[in-house]
Amino acid sequence: MASLSRTFRIQKRDFTNAGNASISVKKLLKSLNLSACVIRKVSICGYEGEMNVVMHAATDGILAFELTEKKIFLTVSDEGPGIEDIETAMQKGYSTASDEFREMGFGAGMGLHNIRENADSLHIDSTLGAGTVIRMEFNPGG
Amino acid sequence: MADTNTIPCYVLVNSDNCTGCGACAKSCPTRAIRIKNGKSIHLTDSCIGCGECIRVCPQGCITPAPFDPGAFKKEKHPVLFVAPVLYSQFPDARPRDVLTGLRRMGFQYVVDMSYFFEMFQWATRRFIREKAPELPVLSTMCPVVMRLVAFKYPGLFGHLNQVLRPVSIIVKEAAALIARKEGVRLSDLSIFYLNPCPTKMGIKESARLKQSPYISRSIGINQIYPELKKHITDIMESDTVDYVETGFEFEHPPCSEGILWSICGGESAGLKLDKTLAVSGLEETMLYLEKTELDIFKDFSFIEFRACREGCVGGSLCAMDKYVAKSAVHKISGRINRSKNFSKEIKNRFYEQKWIPDKKTTEQMEKIFGGKKKPLSIRSLTRIDALYGKLPGYNCSACGAPDCYAFAEDVIRRRCKLADCIFIKGGN
Ligand SMILES: Nc1ncnc2c1ncn2[C@@H]1O[C@H](COP(=O)(O)OP(=O)(O)OP(=O)(O)O)[C@@H](O)[C@H]1O
Ligand SMILES: [Mg+2]
């Protein structure tokens, strides 16, 4: 089956280039006959995942994108520090972002919530000290 | 002139002087240009009329769709619509001298559009504050940005300012008034626009304007600059000539706020809203549209985009350096008496009750602002990606495409052969 995959590096604390991986994914998707709604869902989830690595991760991370005829996969991973309690982290408004990041307009505690709202399927694996992997799936048909 | 590319498009290439250097192809934001047989050609379904190729061509062989700028002199009732950027081209003249100069050139009526721009600004402010639209609201003033949104960011249609664009009412209102005053039919008027950019000069666009009762044509500022400059110098040297209003409502010389519209930031500053952005230049515009799509600016109420750097003063048909023009804008605007600004009553006249919201659907917008490339199937995109992986990635453009990715796409779309790549052909 036809499939296309790309991986993008995400640099921790690099706010200037943050969003570039999601923008590249968005560009690829736009050349296809997909609804604006699907493209928007994927891009927003990619961006939130990317931003979490930039803000919260202790290491650089990776955004992996895979497109098949049936599904779009996005995976964002980093190697620490991990999320202590995923359910709490998912709650609207929960954030451990520093004041510095809040001043920059981040840290509303909406990222993971937005991802849950927009991804058709979501799996988060996180181990304290080892890192976080967020797996998202989307249906190209809507 | 040799054979020119005659397919509808906003610009023309004079093949005689084209050396096939590829500068235009590399500059094109929609990848609409290829070099074939050593000459530049345009893929017309993708041209958005931004004018980057005109700017970068070292041979000067790319021009806006041609038009004889003196043609208005043969018309019986030539009416000219002037964008405020014109004043920036004459730093020492008063706006009224510029308008008088245009009349001396032979335009029967000269209408300054900034009057409507201010009304529009007023309506936009109220629209954002009272109608809770999707934020950020995006400016609809730059036609290149509109086409860019249609072409690359259709997901942002819902963010476009829904107050009807002023150009849409201004011509209708003013033309009706003039026709009545002259006792002629609308079709007896010849409407001209004086423009800083090629974006309104395309064949595509004029086809669309055919439905209106009058023919309308665009003139580039640089096309009439020398003649106008002469008249203005004469006017400034003689102190007996003064601006005489012919008693026609829309003849006001501009207010200080209107003058600022020609530089990026002028539109948003006048809105007097809390959080706004003003972004200019094609590359930055595209980057910030991308970011807007990611919801990064949802706390901002308005974003002004201008495809030309610094705004309309950076248009490729301006006669004056953009930074010199920008400084002139501040000078002229500062000189204008603020007490002469329009009152709220005047500003409200067209927009107050009715708002005239622009209720166009996404489909209608796409039809007007146009072109979208045929979407690829997932299979084709996968094939492009696989082919791209085999290309050298030097983006050398020897194949005629602006970069390796565009080449891979051309091959899969059957616009060219794989052997056009000198590296593939050479067996590397
Ligand atoms: N990759 C990660 N590594 C470690 N902790 C994370 C990671 N992603 C999220 N978290 C934790 O989960 C919390 C909630 O994340 P979420 O994205 O919902 O909000 P936020 O990033 O703090 O704020 P916002 O996304 O609204 O800017 C974060 O504050 C952080 O403590
Ligand atoms: Mg987050």
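Residues numbered from 1 in each chain as written. Chains lettered and ligands numbered in written order. Predicted model: local features only at pLDDT ≥ 70, side-chain atom pairs only at ≥ 80, totals over all residues. Heavy atoms only, no water.

Of the regular secondary structure elements, chain B holds 17 helices and eleven strands. Expressed as a percentage of the 428 residues in chain B, the buried residues total 56%. Look at the contacts in chain B between residues 6 or more apart in sequence, and 77% of them connect residues 24 or more apart. Accessible surface, chain B: about 18700 Å² in total, of which carbon and sulfur atoms supply 51%. (Helix = DSSP H or I, 4+ residues; strand = E, 2+ residues; numbered from the N terminus. Buried < 20%, exposed > 50% of the residue type's maximum accessible area, 1.4 Å probe, protein only. Contact = heavy atoms within 4.5 Å. Areas by Shrake-Rupley, 256 points an atom, 1.4 Å probe, with all protein chains shown as cover.)

Another aspect to go through is the packing of helix α5 (residues 143-152) of chain B against helix α11 (residues 282-293) of chain B. All names here are of chain B. Packing of α5 against α11 brings their axes to within 11 Å, and their N-to-C directions diverge by 50°. By the criterion of interaxial angle, the relationship of α5 to α11 is oblique. Here the hand of the crossing between α5 and α11 comes out right-handed. Note on element contacts: α11 touches α5 through Leu282, Thr285, Met286, Leu289 and Glu293, opposite Val144, Val145, Leu148, Val149 and Lys152. By residue class, the composition of the contact of α5 with α11 is seven nonpolar, one polar and two charged. (Axes fitted to C-alpha atoms, helices over the stretch in contact; angles between N-to-C directions. Parallel < 35°, antiparallel > 145°, perpendicular 65-115°, else oblique. Left-handed = near helix turned anticlockwise from the far one by under 90°. Nonpolar A, V, L, I, M, F, W, Y, C, P; charged D, E, K, R; others polar.)

Take the pairing of strand β4 (residues 121-127) of chain A next. Residue and element names in this part refer to chain A. Strand direction decides the pairing type here: β4 and strand β5 (residues 131-138), joined by seven bridges, are antiparallel. Its bridge partner being in β5, Leu122 is matched across the sheet by Met136. A loop of three residues connects β4 with β5, the two strands running antiparallel in sequence, and Gly129 in this loop sits at a positive phi of about 85°. (Pairing = 2+ DSSP bridges.)

Moving on, we get to the packing of aromatic side chains. Within this structure, the stated rule accounts for 13 aromatic pairs over all chains. Taken together, a centroid distance of 5.2 Å and an interplanar angle of 20° make the contact between Phe90(B) and Tyr225(B) stacked. On the criterion of sequence distance, the pair formed by Phe90(B) in the loop between β5 (77-82) and α3 (95-105) and Tyr225(B) in helix α8 (residues 221-237) is long-range, its members being 135 residues apart. Given a relative accessible area of 3%, Phe90(B) falls into the buried group. An aromatic cluster is built from Phe15(A), Phe101(A) and Phe106(A), whose rings are joined through pairwise contacts. A cation over an aromatic ring shows up here: Lys275(B) above the ring of Phe300(B), its NZ or CZ 4.5 Å from the ring centre. (Phe/Tyr/Trp six-rings, centres within 6.5 Å; stacked < 30°, edge-to-face > 60°. Lys NZ or Arg CZ within 6 Å of the ring centre and 35° of its normal.)

Residue and element names in this part refer to chain A. Residues in close proximity to ligand 1 total 19 residues, the closest being His56, Ser95, Thr96, Gly107 and Met110. Ser95 has a polar side-chain atom sitting 2.6 Å from an oxygen atom of ligand 1. Taking Gly109, its main chain carries an N or O atom lying 2.9 Å from an oxygen atom of ligand 1. Out of a free accessible area of 590 Å², ligand 1 has 93% covered by protein chains. In terms of residue class, the shell around ligand 1 is made up of eight nonpolar, nine polar and two charged. (Near = heavy atom within 4 Å. Polar contact = N/O pair within 3.5 Å; in protein donor to acceptor, adjacent residues only side chain to side chain.)

What follows concerns the nonpolar core. Among the nonpolar cores identified, the biggest contains 62 residues, and Phe81(B), Leu86(B) and Leu102(B) are the most heavily contacted of them. Sort the elements by how many residues they give to this core and helix α4 (residues 114-130) of chain B lands first, with eight residues. Not counting residues within four places of it along the chain, the set of residues in contact with Leu102(B) comprises Leu80(B), Val82(B), Leu86(B), Phe107(B), Val110(B), Leu194(B), Ile224(B) and Leu228(B). Membership of the second largest hydrophobic core comes to 52 residues, among which are Leu29(A), Leu34(A), Leu63(A) and Cys416(B). (Core = buried A, V, L, I, M, F, W, Y, C linked by side-chain atoms within 4.5 Å.)

What follows concerns the packing of helix α2 (residues 36-56) of chain A against helix α5 (residues 111-118) of chain A. All names here are of chain A. It is at 9 Å that the axes of α2 and α5 come closest, and there the two elements cross at 155°. When the axes of α2 and α5 are compared, the pair comes out roughly antiparallel. Considering the relative orientation of α2 and α5, their crossing is left-handed. Side by side, α2 and α5 meet where Lys41, Ile44, Cys45, Glu48, Gly49 and Asn52 of the first sit next to Gly111, Leu112, Asn114, Ile115 and Asn118 of the second. A breakdown of the residues in the contact of α2 with α5 according to their chemical character gives four nonpolar, five polar and two charged.

Another point: the sheet that holds strand β2 (residues 61-68) of chain A. All names here are of chain A. With antiparallel pairing, five strands are arranged side by side in an open sheet as β1-β2-β3-β5-β4. Strands with a single pairing partner mark the edges of an open sheet, and in this sheet they are β1 (3-10) and β4. Across the sheet, the mean angle separating the axes of adjacent strands is 10° when strand polarity is ignored.

Moving on: the pattern of salt bridges. Once the charged atoms of two side chains with opposite charge are near each other, the side chains can pair. Evaluation of the coordinates by the stated rule reveals 23 salt bridges over all chains. Between Arg413(B) and Glu409(B) there is a salt bridge; the shortest N-O distance is 2.9 Å. Judged by relative accessible area, which is 21%, Arg413(B) ranks as partly exposed. Residue classification places Glu409(B) among the buried residues on the basis of a relative accessible area of 11%. One salt-bridge network, in which partners are shared between bridges, spans Lys26(A), Lys30(A), Glu290(B) and Glu293(B). (Salt bridge = Lys/Arg side-chain N within 4 Å of Asp/Glu carboxyl O.)

This brings us to helix α12 (residues 322-335) of chain B. Each full turn of the α-helix corresponds to 3.6 residues, which orients residues three or four apart in the same direction. Residues and elements named next belong to chain B. With 14 residues, α12 should cover 20 Å at 1.5 Å per step; its first-to-last C-alpha distance of 20 Å lies within 8% of that length. What α12 keeps buried is the set Ala325, Ala328, Val329, Ile332 and Ser333. Considered in projection along α12, the buried side chains sweep an arc of 125° and stay on one side of the axis. Capping the start of α12, Asp321 holds a side-chain oxygen 2.9 Å from the backbone nitrogen of Tyr323, two or three residues further along. (Expected span 1.5 Å × (residues − 1). Arc of directions from axis to C-beta.)

Each side of the interface is counted separately: chain B has 20 residues, and chain A has 23 residues. Here chain B meets chain A over a buried area of about 1900 Å², counting both sides, of which 61% is carbon and sulfur. On the chain B side of the interface with chain A, the three residues burying the most area are Leu294(B), Ile378(B) and Leu381(B), jointly 33% of the side's total. Here chain B and chain A share five salt bridges between them. Among the ionic pairs, Arg6(A) bridges to Asp385(B), the shortest N-O distance being 2.2 Å. On inspection of chain B and its partner chain A, the count reaches seven residue pairs in polar contact (both at pLDDT 80 or more). Taken together, the elements giving at least two residues each to the side of chain B that touches chain A come down to α11 and α15 (378-390) of chain B. Broken down by element, the residue count for the side of chain B that touches chain A peaks at six residues, all from α15(B). (Buried area = accessible area lost by both parts, 1.4 Å probe.)

Another point: the environment of Cys37(A). Along the polypeptide, Cys37(A) turns up in helix α2. Considered as a pair, Cys37(A) and Asn118(A) are 81 residues apart in the sequence and their alpha carbons are 9.9 Å apart.

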